[in-house]
Amino acid sequence: MNTQYIVGGASVTAAQNASIKDNLYMHVNGAWLEQATIPADKPVTGGFQDLADDVEKTLMHDYQAYHDGKFTAPNPMFAEAMKLHTLASDFTKRDADGITPLKPLIAQVLALKNLKQYDEQLGDWLLNDMPLPFYVSVSPDWKDTTRHAVFVEAPSLILPDKTYYADNNPAGPQLLKVWAQMSQQLLQKCGFTADQAHRHVENALAFDRALVPYVMSSEEAADYPKQYNPQSFAKFISNSHFLSLDNLLNTVLPQQPQQVIVTNPKFFQALDQIINDHTFEQLKSWLLIDVVNSFSGYLSEELRQLSGMFNRALVGSQQAISQAKHAYRLTTSVFSQVIGDYYGRKYFGEAAKTDVTAMVQKMIAIYKKRLQNNNWLSPATRDKAILKLDKIVIKVGYPDKIKPIYQKFHVKTAAAGGTLLENILHFNKISIADNLAKFNQDVDRSIWGMPAQMVNAMYDPSRNDITFPAAILQAPFYSLQQSASANYGGIGAVIAHEISHAFDNNGAQFDELGNLNNWWTKDDYAHFKQLTQAMIDEFDGIAFAGGKVNGKLVVSENVADLGGLSCALEATKHEEHYNLKEFFINWATIWRMKARPQYQQMLLAADVHAPHELRANVQPQNFAEFYETFDIHENDGMWLAPEKRVQIW
């Protein structure tokens, strides 16, 4: 392997036997990269993905064991999930039904004669999971997180980020061509002539192009406070003279809101320009193709394969996932917390939950000590930071209870005349109604943002909570068979990473209750901005995957990586027999990843995380202990001059 990698601003040749002094990531993962094979149905393989694959294999085996009568459902909700799994797996029926389940939805779009008619139906379309040219949902109010508020968002573009539409991005036109081919073929499968399908595709592409100037880029959206723009009800409904936004909100919400939180004012200010009588035909085609593309995956095998063509091109996957994986993932997505409860209780358990919770509490205690000893925060800001740390809610393994909404999910089986699409639409309607009914209600802070079977972790600034699902609490992140030093380089750094999100460029603007509230002194925040700018500069412009890293896009995750590694490093050094080589080596191990170029390019454009290789390599360069541990000096590839090293927390 003779690929060029850019590490810490210096170009080094990555090889299987790369010296740890020149490239930590390649030294640790070079041999793995040589032999790792990306499955044909995936764009990527690696540490996180391998764990996810193991979870998938385990649960797919358990689903089959249930169907074989080897165990009974632990609760009625699990039994309903398995009914859905049976329905999703029955491709004989799905193939026989063909497009029939989709026909009523297509007819509903085609029946629209003008914009006024669509406007009159907006509320029903939203409640019935039919497309709107914007999103309406209910979430905790960022200024008062004890209550739910109504949020409205701009629609998604066809491509994953507006940078794909730039003239100098060759991937954009290529991907739009694939999308157009897929959409045209799907429309023809649904009974449209080639000419009709072509006209609808051209109209939809024109509507999509009209959206581009008014939607946020991923970089803009990564700055959370920019998305909090409350407007009075009167101000919001005045954004359009062609859509009765007041009727829409009064139809779907239990009461009229005094204000609406607009995540992208620029889009809504241009609403009259985007949606009017002259653009109606483009909008109608966009709605039609949204329906066909979104729901074809629940139909026959032919349509499932065809409807995934664009996404496979986007990430570089060579083939669709198998029918068995499709049925598993669909079921697990719809009944996510039900399956998470089963997985967590069977494969994680209370003992491990207690052990990891203690580890999180230990990391918080170390973080608290670091804040107390911080030399650049004023006492007023430091006290507020410690208060916020004390108020963080810890969620480990799986929730204590399953959300009540799943008790409403009852599957209409094939024997009862039910189809897969019919059930999916029914569950979506229940979920939409449940969400909208929360408007102006108290927020339940016990709700989890991730199910137990997900290999990930998160910090929610609006709740000031950290979540570590059961699935990530395995090797190489965490194992009793690994040394404490290796565990700190894995799950310890991940835990501290999530804690650090409370104090990244976004989290730092939310208080201990999750409210968007400035708790900093002016001078402290100005200094903090300087430090985060140094982190932006450290990553900005690093060449990777044929492009360059956008330092502003990835700054929040990089601040969290830096704080997490720093805190975990200190925790390791508190152990009686610590080994920093094992610590840094496992840090590099958890980031191993082999991905297709298209997937890497998509992440580079739209993901708030830096490329895995750079997370593994650049962050350790900020710590003196790294240089001391591996005897790294100025002429080595991993060397970064002391004045360029960044430290924040």
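Procedures and definitions
Residues numbered from 1 in each chain as written. Predicted model: local features only at pLDDT ≥ 70, side-chain atom pairs only at ≥ 80, totals over all residues. Heavy atoms only, no water. Helix = DSSP H or I, 4+ residues; strand = E, 2+ residues; numbered from the N terminus. Rg over C-alpha atoms; globule rule 2.2 N^0.38 Å. Buried < 20%, exposed > 50% of the residue type's maximum accessible area, 1.4 Å probe, protein only. Areas by Shrake-Rupley, 256 points an atom, 1.4 Å probe, with all protein chains shown as cover. Lys, Arg positive; Asp, Glu negative; His and termini not counted. Charge placed at Lys NZ, Arg CZ, Asp CG, Glu CD. Phe/Tyr/Trp six-rings, centres within 6.5 Å; stacked < 30°, edge-to-face > 60°. Lys NZ or Arg CZ within 6 Å of the ring centre and 35° of its normal. Pairing = 2+ DSSP bridges. Axes fitted to C-alpha atoms, helices over the stretch in contact; angles between N-to-C directions. Contact = heavy atoms within 4.5 Å. 1 Å grid on protein atoms, 1.4 Å probe; cavity = no way out; pocket = protein on both sides within 12 Å on 5 of 7 lines; lining within 4 Å. Points joined across faces, edges and corners; volume = space filled by probe spheres on them. Nonpolar A, V, L, I, M, F, W, Y, C, P; charged D, E, K, R; others polar. Left-handed = near helix turned anticlockwise from the far one by under 90°. Patch = residues over 30% accessible without salt bridge, like charges linked within 9 Å, V, L, I, M, F, W, Y side chains within 5 Å. Salt bridge = Lys/Arg side-chain N within 4 Å of Asp/Glu carboxyl O. UniProt positions renumbered as here; feature names shortened; annotations may be inferred. Expected span 1.5 Å × (residues − 1). Polar contact = N/O pair within 3.5 Å; in protein donor to acceptor, adjacent residues only side chain to side chain. Core = buried A, V, L, I, M, F, W, Y, C linked by side-chain atoms within 4.5 Å.

Summing up its helical and strand segments, the chain has 28 helices and 13 strands in all. In summary, the chain has a C-alpha radius of gyration of 25 Å against a globular reference of 26 Å for 649 residues, a match within 12%. Principal-axis analysis of the C-alpha atoms places the extent of the chain at approximately 70 × 60 × 50 Å. By residue count, 58% of the 649 residues in the chain fall in the buried class. When the accessible surface of the chain is summed, it comes to about 26800 Å², and 49% of that surface belongs to carbon and sulfur atoms. Both charge centroids of the chain, one from 57 positive and one from 70 negative side chains, sit 3 Å from each other.

On to the packing of aromatic side chains. Scanning all chains against the criterion turns up 42 aromatic pairs. Pairing Tyr367 with Phe503 gives two aromatic rings, centres 5.8 Å apart and planes at 20 degrees, and the pair type is stacked. Here Phe503 lies in the loop between helix 22 (484–500) and helix 23 (522–539) and Tyr367 lies in helix 19 (residues 349–372), a separation of 136 residues in the sequence. Taken together, Tyr367, Trp376, Phe503, Trp519, Trp520, Tyr525, Phe528 and Trp649 form an aromatic cluster joined through their ring pairs. The aromatic ring of Phe503 is capped on one face by Lys388, whose charged end is 5.8 Å from the ring centroid. Its guanidinium or amino end placed over the ring of Trp639, Arg645 lies 4.9 Å from that ring's centre, counting from NZ or CZ.

Strand order in the open sheet formed by three strands is 8-10-9, and the pairing between neighbours is mixed. Looking at the sheet topology across the chains shown, the edges are occupied by strand 8 (393–397) and strand 9 (458–460). For this sheet the average axis-to-axis angle between neighbouring strands, irrespective of direction, equals 15 degrees. With respect to the sheet, helix 22 is in contact with strand 9 and strand 10 (465–469), its orientation differing from that of strand 10 by roughly 155 degrees.

Take the layout of surface pockets next. Each pocket or cavity is described by its volume, and for the second largest pocket that value is around 660 Å³. Among the residues making up the lining of the second largest pocket, the classes are represented as twelve nonpolar, eleven polar and three charged.

Here the structure, examined in full by the defined rule, presents one cavity of 30 Å³ or more. Here the largest cavity defines a volume of roughly 80 Å³. Among the elements that line the lining of the largest cavity, the one with the most residues is helix 4 (residues 91–97), at three residues. By residue class, the composition of the lining of the largest cavity is five nonpolar, two polar and four charged.

Turning our eyes to something else, we now look at the packing of helix 3 (residues 76–89) against helix 18 (residues 336–347). Viewed as axis vectors pointing N to C, helix 3 and helix 18 meet at an angle of 115 degrees, and their least axial separation amounts to 9 Å. Helix-helix and strand crossings are classified by hand; for helix 3 and helix 18 the assignment is left-handed. Where helix 3 abuts helix 18, its residues Met77, Phe78, Ala81 and Met82 lie against Val338, Ile339 and Tyr342. Taken together, the residues of the contact of helix 3 with helix 18 break down into seven nonpolar, no polar and no charged.

Among the surface-exposed residues, Glu219, Glu220, Asp537 and Asp540 lie close enough to one another that they form a single negatively charged patch. Assessed through its relative accessible area of 32%, Glu219 is described here as partly exposed.

Where burial is concerned, most of strand 10 is hidden: five out of the five residues are buried. Burial of strand 10 is two-sided: the residues Asp465, Thr467 and Pro469 facing one way and the residues Ile466 and Phe468 facing the other way are all buried. Here strand 9 pairs with strand 10 via three bridges, running antiparallel. Paired with Tyr459 across the two strands is Ile466, which belongs to strand 10. Counting the residues in the hairpin turn of strand 9 and strand 10 gives four residues, including Asn464, whose phi is positive at 50 degrees.

On to the pattern of salt bridges. Taken as a whole and judged by the stated rule, the model has 23 salt bridges. A salt bridge links Asp341 to Arg345; the nearest nitrogen and oxygen atoms lie 2.8 Å apart. Residue Asp341 and its partner Arg345 are both found in helix 18; the two are separated by four residues, about one turn of the helix. Among the ionic pairs, Lys438 bridges to Asp434, the shortest N-O distance being 2.6 Å. By relative accessible area, Lys438 is classed as partly exposed at 30%.

Once that is clear, we can look at the UniProt feature "domain: Peptidase M13 C-terminal" (unreviewed entry) in the chain. Per the UniProt record, "domain: Peptidase M13 C-terminal" (unreviewed entry) is annotated on residues 456–646. Summarising residues 456–646: 47% helix, 8% strand, and an end-to-end C-alpha distance of 26 Å.

Before going further, it helps to spend a moment on the sheet that holds strand 7 (residues 259–262). In spatial order, the strands read 4-5-7-6; together these four strands make up an open sheet with mixed pairing. The sheet terminates laterally at strand 4 (135–141) and strand 6 (229–232), the two strands that pair on one side only. Taken pair by pair, the neighbouring strands of this sheet meet at an average axis angle of 40 degrees, ignoring direction. Pairing of strand 6 with strand 7 involves four bridges; the strand directions are antiparallel. Looking at the pairing, Asn229 lines up with Val262 of strand 7.

So, on to helix 3. Here helix 3 contains 14 residues, and its C-alpha end-to-end distance of 20 Å stays within 8% of the 20 Å for a straight helix at 1.5 Å per residue. In terms of burial, helix 3 is a largely internal element, ten of the 14 residues being buried. Those residues of helix 3 that are buried are in contact with helix 2 (47–67), helix 4, helix 17 (323–334), helix 18 and helix 21 (420–437). Measuring from the backbone nitrogen of Met77 back to the side-chain oxygen at the start of helix 3 gives 3.1 Å, which picks out Asn75 as the cap.

Turning next to the UniProt feature "domain: Peptidase M13 N-terminal" (unreviewed entry) in the chain. Sites flagged by UniProt as "domain: Peptidase M13 N-terminal" (unreviewed entry) map to residues 21–399. Secondary structure across residues 21–399 divides into 60% helix and 9% strand, with the first and last C-alpha atoms of the span separated by 43 Å.

A separate point is the nonpolar core. In terms of nonpolar packing, the biggest core is built from 210 residues, with Tyr118, Trp179, Phe335 and Trp649 touching the most fellow members. Apart from the residues lying within four places of it in its own chain, the contact partners of Phe335 are Met77, Glu80, Ala81, Leu84, Tyr406, Phe409 and Phe427. With seven residues, the next largest nonpolar core counts Ala149, Tyr228, Phe510 and Leu516 among its residues.

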